[in-house]
Amino acid sequence: MPESPLVVLVDGSSYLFRAFHALPPLTNTQGRPTGVTYGVINMLRRLEREYPDAHIAVVFDAKGPTFRHESFAEYKANRPPMPDDLAVQIAPTQDLVRALGLPLLVVDGVEADDVIGTLARRAAGRGEQVLISTADKDLAQLVDAHVRLVNTMSNTVLDVAGVEDKFGVPPALIADFLALTGDTVDNIPGVPKVGPKTAAKWLQQYGSLDDVMAHADDIGGKVGENLRATLEQLPLYRELATVRCDVALDIDPDNLNRGAPDVDTLRRLLGELEFKSWLKELEEGAPSSAAAS
């Protein structure tokens, strides 16, 4: 696998939350929150430096419900409202991404994961290499000979062997694994009292979620009782955890070309946000404008 993948797909929504929770609060002199924007752009700058020749896109979740909410009314229902300090930074972050000349995708009614899955499968289907930058474990199911995951904040990369080492199952069984364990982030219940080790053990022993369900009567103890009580819901839980790779998109991975930075907009945004070192780079005409360092 080449060091520089042809297509880099950035989970912008994952970046937002990682920056919000991992970085200390930052504000400009007017008290405007800026730390999330700084963190997201900093991670994008690093990706651009490391993969300067790749096609690239930054994908964000759209507002509003998706098909998963139609299938399961409680999907993500446990999530508290987005903190105001985070919400007010989404628009300026996206504005700055666009001003840097990076393709930004927000598809109504579709989660970022499904946009990423569709683009990744299209590219991989042509034999191209794909790097997905995310901290979302759901996207591990996309990993194959052509697709890897990178966590920019921890500098870890997962290939097929890495996914199996981390979760105890191969990428093809990640959705089955999540159906059993549940996903508290997305409010997918899973089987009560079944954690990652038990789910991985069952899948290793029986082969798939369908096989686990077929052998439910062979599993003893309280977890066996819980499994049998959840059999009817498990196919839905797997559907909710499965990343869609067939979303209708107007853009192709090979069209994810970086445009020229919008210098005037960059100058205004960096000035408002008071990102002084990046503004200085821009004014001094750094080789790749504010996206270089």
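Chemist: Go over the overall build of the chain, please, and point to the residues and values.
Modeler: If you tally the helices and strands in the chain, you get 13 helices and 6 strands. Computed over its C-alpha atoms, the radius of gyration of the chain comes to 21 Å, within 12% of the 19 Å expected for a compact globule of 293 residues. Overall size of the chain, expressed as C-alpha extent along the three principal axes, is 70 × 40 × 30 Å. The buried share of the chain, taken over its 293 residues, is 49%. Considering only residue pairs separated by 6 or more positions, the chain has 70% of its internal contacts joining residues 24 or more positions apart. Each charge sign in the chain was given a centre, from 28 positive and 43 negative side chains, and these centres are 4 Å apart.

Chemist: Please provide a residue-by-residue account of the packing of helix H1 (residues 12-22) against helix H2 (residues 35-50), values included.
Modeler: Direction vectors running N to C along H1 and H2 enclose 120°, while the axes themselves pass 8 Å from each other. Classified by the interaxial angle, the pair formed by H1 and H2 is oblique. Here the hand of the crossing between H1 and H2 comes out right-handed. Within the contact between the two elements, H1 uses Tyr 15, Leu 16, Ala 19 and Phe 20 and H2 uses Val 36, Gly 39, Val 40, Met 43, Leu 44 and Leu 47.

Chemist: Can you explain H2? Please cite residues and give values.
Modeler: With 16 residues, H2 should reach 22 Å at 1.5 Å per residue; the first-to-last C-alpha distance of 23 Å fits that figure. Here H2 has its buried residues at Gly 35, Val 36, Thr 37, Gly 39, Val 40, Ile 41, Met 43, Leu 44, Arg 45, Leu 47 and Glu 48.

Chemist: Residues and numbers for the pairing of strand E2 (residues 55-59), please.
Modeler: Burial runs high along E2: 5 of the 5 residues are buried. Where strand E1 (residues 7-11) meets E2, 5 bridges bridge the pair, whose relative direction is parallel. Counterpart to Val 7 in the pairing with E2 is His 55.

Chemist: Residue-level account of helix H4 (residues 84-99), with values.
Modeler: Over its 16 residues, H4 runs 24 Å from end to end, which matches the ideal 22 Å to within 8%, given 1.5 Å per residue. Along H4, the helix axis deviates most sharply at Ile 90, where the bend reaches about 30°; the proline Pro 92 sits within four residues downstream. Looking at H4, one finds that the buried residues are Leu 86, Gln 89, Pro 92, Thr 93, Gln 94, Leu 96, Val 97 and Ala 99. Buried residues along H4 sit against H1, H2, E2, strand E3 (104-105) and helix H12 (263-273). At the C-terminal side of H4, Gly 101 shows a positive phi close to 90°.

Chemist: Break down the pattern of salt bridges for me, citing the residues and quoting the values.
Modeler: Going through the model one piece at a time under the given rule, you end up with 16 salt bridges. Put simply, Arg 45 and Glu 281 hold a salt bridge, and the shortest N to O gap is 3.6 Å. Here the residue Arg 45 occupies a position in helix H2, and Glu 281 occupies one in helix H13 (residues 276-283), the gap between them amounting to 236 residues. The exposure class of Arg 45 is buried, given its relative accessible area of 4%. As a salt-bridge pair, Asp 183 and Lys 137 come within 3.5 Å of each other at their nearest N and O atoms. Taken together, the residues span a long stretch of sequence, with Asp 183 in the loop between helix H7 (174-181) and helix H8 (196-206) and Lys 137 in the loop between strand E4 (130-133) and strand E5 (147-151) at a distance of 46 residues. We classify Lys 137 as partly exposed; its relative accessible area is 33%.

Each value, and the rule that gives it
- Throughout, residues of each chain are indexed from 1 in the direction in which the sequence is written.
- The predicted nature of this model means local features are confined to residues of pLDDT at least 70 and side-chain atom pairs, given and counted, to a pLDDT of 80 or more, with totals for whole chains, interfaces and linings taken over all residues.
- To obtain the side-chain values, all non-hydrogen atoms of the structure were used and water was disregarded.
- Secondary structure counts use DSSP, requiring at least four H or I residues in a row for a helix and at least two E residues in a row for a strand, with both numbered from the N terminus.
- C-alpha atoms define the radius of gyration, and 2.2 Å times the number of residues to the power 0.38 defines the globule rule.
- Only protein chains enter the calculation, and the probe is 1.4 Å; a residue is then buried if its accessible area is under 20% of its type maximum, exposed if over 50%, and partly exposed in between.
- Contact definition: two residues touch when any of their heavy atoms are within 4.5 Å.
- Under this rule, positive means Lys or Arg and negative means Asp or Glu; His and the chain ends count for nothing.
- A single reference atom marks each charge: NZ on Lys, CZ on Arg, CG on Asp, CD on Glu.
- Axes here mean lines fitted to C-alpha atoms, for a helix over just the part in contact, with angles spanning 0 to 180 degrees between N-to-C directions.
- Under this scheme an angle from 65 to 115 degrees is roughly perpendicular, one under 35 degrees roughly parallel, and one over 145 degrees roughly antiparallel; angles in between are oblique.
- Note on convention: near helix rotated counterclockwise from far helix by under a right angle means a left-handed crossing. Clockwise means right-handed.
- Each helix should span, by expectation, one fewer than its residue count multiplied by 1.5 Å.
- Here, any two strands with at least 2 DSSP bridges between them count as paired.
- One axis is fitted to the seven residues ending at the residue and one to the seven starting there. The bend at that residue is the angle between these axes.
- In the sections that follow, a salt bridge refers to a side-chain nitrogen of Lys or Arg positioned within 4 Å of a carboxyl oxygen of Asp or Glu.

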